[in-house]
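# Per-entry structural report
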Amino acid sequence: AVVSTQSTGDAIFEEKEKIAVTLTASLHNIIPYLKSNSSKESAYYTACLLVSFCDYPYTLKAWRKEVSDFFHDPDFFKHEPRTLQKLTKVVNHLMINDKTAWDSLVRVRTQASTIFNSREQKILNRAR
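Since this is a predicted model, take the numbers as computed values, not measurements. (Residues numbered from 1 in each chain as written. Predicted model: local features only at pLDDT ≥ 70, side-chain atom pairs only at ≥ 80, totals over all residues. Heavy atoms only, no water.)

Take the packing of helix α3 (residues 60-71) against helix α4 (residues 81-97) next. Running from N to C, α3 and α4 point in directions that differ by 115 degrees, and their axes come no closer than 10 Å. When the axis of α3 is compared with that of α4, the two are roughly perpendicular. Read as a crossing pair, α3 and α4 show a hand that is left-handed. Contacts from L60, W63, R64, V67, S68, F70 and F71 of α3 reach α4 at L87, V90, V91, H93, L94, M95 and N97. Taken together, the residues of the contact of α3 with α4 sort by class into 10 nonpolar, 3 polar and 1 charged. (Axes fitted to C-alpha atoms, helices over the stretch in contact; angles between N-to-C directions. Helix = DSSP H or I, 4+ residues; strand = E, 2+ residues; numbered from the N terminus. Parallel < 35°, antiparallel > 145°, perpendicular 65-115°, else oblique. Left-handed = near helix turned anticlockwise from the far one by under 90°. Contact = heavy atoms within 4.5 Å. Nonpolar A, V, L, I, M, F, W, Y, C, P; charged D, E, K, R; others polar.)

In structure tokens form, the structure reads like this:
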């Protein structure tokens, strides 16, 4: 009985890996609907699909990079409120379950802050 349980566990793991690989390949076709501002409905339903992926932790590595890159894109915040509400759940799940995503966010925001501070400092120096 132990052997069959272990082989069942291996089979489940292999299936999860197959799902993650398939999902990664599929995201290249799904994410453009989210990035496109041509159809608000497509963006909303794409966000709903991403939220459903959050229910399965083993899919995180499949969508982590795509969502992280999109979150850092300035167009991320140009979506309708209902789409952003869905995307908030996805980004929250990403930040909680992927420590590198949080570090990346802090690094990007710190760099942006430094750029603005440098520009402000230049303007103040010119004014003097």
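On we go from here.
For an α-helix, 3.6 residues make a turn, and residues three or four places apart therefore share a direction. When the terminal C-alpha atoms of helix α2 (residues 40-53) are compared, their 20 Å separation across 14 residues agrees well with the 20 Å that a helix rising 1.5 Å per residue should span. Among all positions of α2, only A43, Y44, T46, A47, L50, V51 and F53 are buried. Projected down its long axis, α2 carries its buried residues within an arc of 165 degrees, all on one side. (Expected span 1.5 Å × (residues − 1). Buried < 20%, exposed > 50% of the residue type's maximum accessible area, 1.4 Å probe, protein only. Arc of directions from axis to C-beta.)

Turning our attention to the environment of I31. Residue position: I31 is located in helix α1 (residues 2-35). Overall, I31 belongs to the buried group, its relative accessible area being 4%. The spacing of I31 and V67 is 36 residues in sequence and 8.3 Å in space, taken between C-alpha atoms.

What follows deals with the pattern of salt bridges. Opposite charge on two side chains permits pairing when their charged atoms draw close. Following the criterion strictly, the structure yields 6 salt bridges and no others. E41 is paired through a salt bridge with R82; the nearest N and O atoms lie 2.6 Å apart. Note that E41 is positioned in helix α2 and R82 in helix α4, a separation of 41 residues in sequence. Classification of R82 by relative accessible area gives partly exposed; the value is 32%. For E80, the salt bridge goes to R82, with nearest N and O atoms at 3.4 Å. (Salt bridge = Lys/Arg side-chain N within 4 Å of Asp/Glu carboxyl O.)

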